[in-house]
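A look at the structure
The primary structure of each chain is shown beneath.
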Amino acid sequence: MHDVVIVGAGPVGGAFALALADADLDVVALDSRAAGATLRGDRSLALSHGARLIFERLGVWTRLAAVAGAVTPIVEIDVSQAGGFGVTRLVAQEQGIPALGYVVSYRALQSAIDDALARTGIDVRFGATAASVVATPAYASIVLGEEKSTPLHARLAVVADGAGTTVAGIARERHDYLQVALIAKVGMDAPHHGIAFERFTSEGPMALLPEGDRYGLVWTMTPSKAEAALALSDADFLAALARSFGARVTGFAQVAERRTFPLRLEFARPTVATRSVVIGNAAQALHPIAGQGFNLGVRDAYELGRAIVCAPRDALGDDAMLAAFAARRRPDRYAGIAFTHGLTRLFATDSPLVSWPRGLALTLLDGLPPLKRAFTRALLFGIS
Ligand SMILES: Cc1cc2nc3c(=O)[nH]c(=O)nc-3n(C[C@H](O)[C@H](O)[C@H](O)COP(=O)(O)OP(=O)(O)OC[C@H]3O[C@@H](n4cnc5c(N)ncnc54)[C@H](O)[C@@H]3O)c2cc1C
């Protein structure tokens, strides 16, 4: 029997495997990907400063930063709202850190993790898909998708498959925002200097994240508006974008790679079951408004690794260990979910009754350093 079987060696499952690299444990990681492939193409991930520190400890950051264009630091975030007053600027220097966060290429991060994993004793099996995880009090059985393959047995199954659908005994709550995120790459007629923009409109939030020498755009809207926006010519699309950002951002020059994806909140309740635990997007998939989802997943991975390394071997995967881990993660997790979901509600209306207080909130945030620091800390490191 193995000590730990990990279902999914994506960015979160891979980070978790690395957190166990120095422990004297028999660990197997399964991933349906072919070796060297990436699941998500070249999606960009918003990484917090706290997540960077974790990847540094796991030996991934240096590899990642060595890849040209793989990491773009965010040194300032300009937060504003359409049709109301109030603007705040979060500045890295004021927080005493080199960057508020980073925009990172999913592909480059995955390959840095794969590379780091290949240098450990962890048995990573590519092209291996788990069909289900079922458990007895003594062990978890991981049934593989291939016909006639023998199930793997482990003291603990850690599911980081991005969906959480393989594991028995863990239900998922789902809230559909009835909106989509339109994403695209946007070229400007001047350098971005690492400044990100987040703007709240009655339609939903929109963000420009510096990415290489362009911006990555995330623009939330209703599915029918998105369909119309996808059909616009580049020039008309850029004009619509400029109208929505108002005077906050000017100089939109090119747009490429426009596409959409549906927005929903999904989270596992509970995150642990007999001999099993879900982490990363398998535990919670959030609206991208605050860039919290992936960062929560990285903290899940790191904290679970620490809990396992600190536990006596015969306690590995037992109910008490899993309950303690779930309780420890709960404040950060629920705060991340509530914060993200709350922002979507707070900024999703044009009513003057709400737009005044929220403008005030943004202005106050700018004028009150301790509050601003607390807000920035929550965005950077999570709430724990
Ligand atoms: C459409 C979309 C767009 C997004 N855009 C952004 C963005 O712009 N910025 C941002 O920060 N975040 C974004 N996110 C969120 C971000 O992609 C996730 O937070 C992140 O990918 C979660 O990492 P993960 O390792 O938990 O899951 P995943 O990245 O989904 O990785 C799961 C891994 O498990 C493997 N796997 C899956 N099923 C099995 C199985 N049955 N057996 C074995 N292996 C399996 C897969 O091959 C994969 O390697 C987006 C999410 C979605 C859905």
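Our subject is the structure listed above.
Residues numbered from 1 in each chain as written. Predicted model: local features only at pLDDT ≥ 70, side-chain atom pairs only at ≥ 80, totals over all residues. Heavy atoms only, no water.

1. Structural notes on the nonpolar core
Core analysis: the biggest nonpolar cluster contains 51 residues, and Phe-16, Phe-55 and Ile-279 have the highest contact counts within it. Ranked by the residues each element gives to this core, the list is headed by helix H5 (residues 106-118), at seven residues. Not counting the four nearest positions on each side in its chain, Phe-55 is found in contact with Ala-15, Leu-47, Val-60, Trp-61, Leu-109, Ile-113, Phe-294 and Val-298. (Core = buried A, V, L, I, M, F, W, Y, C linked by side-chain atoms within 4.5 Å. Buried < 20%, exposed > 50% of the residue type's maximum accessible area, 1.4 Å probe, protein only. Helix = DSSP H or I, 4+ residues; strand = E, 2+ residues; numbered from the N terminus. Contact = heavy atoms within 4.5 Å.)

2. Examining the pattern of salt bridges
Scanning all chains against the criterion turns up 22 salt bridges. Asp-31 serves as the salt-bridge partner of Arg-33, at 3.4 Å between the closest nitrogen and oxygen. We classify Arg-33 as buried; its relative accessible area is 7%. In this structure, Asp-115 engages Arg-119 in a salt bridge whose closest nitrogen and oxygen atoms are separated by 3.4 Å. Accessibility expressed as a relative area gives 60% for Arg-119, which makes it exposed. (Salt bridge = Lys/Arg side-chain N within 4 Å of Asp/Glu carboxyl O.)

3. Section: the sheet that holds strand E13 (residues 195-201)
Ordered in space as E6-E5-E13-E14-E15-E12-E16-E19, the eight strands form an open sheet in which the pairing is mixed. Single-partner strands in this sheet number two, and they are strand E6 (87-91) and strand E19 (284-285). Two elements, E13 and strand E14 (residues 204-211), share five bridges in a ladder whose sense is antiparallel. Counterpart to Phe-200 in the pairing with E14 is Pro-205. Here helix H6 (residues 223-231) sits on the sheet in contact with strand E12 (171-188), strand E15 (214-221) and strand E16 (252-269), set at roughly 25° to E12. Of the strands in this sheet, E12, E13, E14, E15 and E16 are in contact with helix H7 (residues 234-245), which crosses E16 at around 60°. (Pairing = 2+ DSSP bridges. Axes fitted to C-alpha atoms, helices over the stretch in contact; angles between N-to-C directions.)

4. Thoughts on unusual backbone geometry
Keep in mind that most residues, glycine aside, have a negative phi and that most peptide bonds are trans. The omega torsion across Arg-269 and Pro-270 is 0°, close enough to zero to call that bond cis. With respect to the helices and strands, Pro-270 occurs in the loop between E16 and strand E17 (272-273). One non-glycine residue with positive phi stands out, namely Leu-178, at about 55°. Mapped onto the elements of the fold, Leu-178 is located in strand E12. Under the relative-accessibility criterion, Leu-178 is labelled exposed at 63%. Unusually for a residue other than glycine, Arg-275 sits at a positive phi of about 55°. One can find Arg-275 in the loop between E17 and strand E18 (276-278). The class for Arg-275 is buried, based on a relative accessible area of 11%.

5. Focus: the sheet that holds strand E3 (residues 44-48)
On the basis of which strands lie adjacent, the open sheet formed by three strands has the order E3-E7-E4 and antiparallel pairing. Either end of the sheet is taken by a strand with one partner, and the two such strands are E3 and strand E4 (71-74). Between one strand axis and the next, the sheet turns by 25° as a mean value, whatever way the strands run. As judged from the four bridges shared by E4 and strand E7 (residues 101-105), these two strands associate in the antiparallel manner. Opposite Thr-72, over in E7, you have Val-103 as the bridge partner. Lying on the sheet, helix H2 (residues 49-57) is in contact with E3 and E7; it crosses E3 at an angle near 90°.

6. Quick word on the packing of helix H1 (residues 11-19) against helix H8 (residues 293-310)
In contact at an axis separation of 8 Å, H1 and H8 are set at 25° when each is read in the N-to-C sense. One element, H1, and the other, H8, form an angle in the roughly parallel class. At the point where H1 passes H8, the crossing takes the right-handed sense. Together, Pro-11, Val-12, Ala-15, Phe-16 and Ala-19 of H1 and Phe-294, Gly-297, Val-298, Ala-301, Leu-304, Gly-305, Ile-308 and Val-309 of H8 make up the contact between the two elements. In terms of residue class, the contact of H1 with H8 is built from 11 nonpolar, two polar and no charged. (Parallel < 35°, antiparallel > 145°, perpendicular 65-115°, else oblique. Left-handed = near helix turned anticlockwise from the far one by under 90°. Nonpolar A, V, L, I, M, F, W, Y, C, P; charged D, E, K, R; others polar.)

7. Examining the packing of H1 against H5
Remark: H1 packs on H5, axes separated minimally by 10 Å, with the N-to-C direction vectors making an angle of 25°. Overall, the two elements H1 and H5 adopt an arrangement that is roughly parallel. Crossing hand, H1 versus H5: left-handed. Of H5, the residues touching H1 (which contributes Pro-11, Gly-14, Ala-15, Ala-17 and Leu-18) are Tyr-106, Leu-109, Gln-110, Ile-113, Ala-116 and Leu-117. Here the contact of H1 with H5 is built from residues that sort into nine nonpolar, two polar and no charged.

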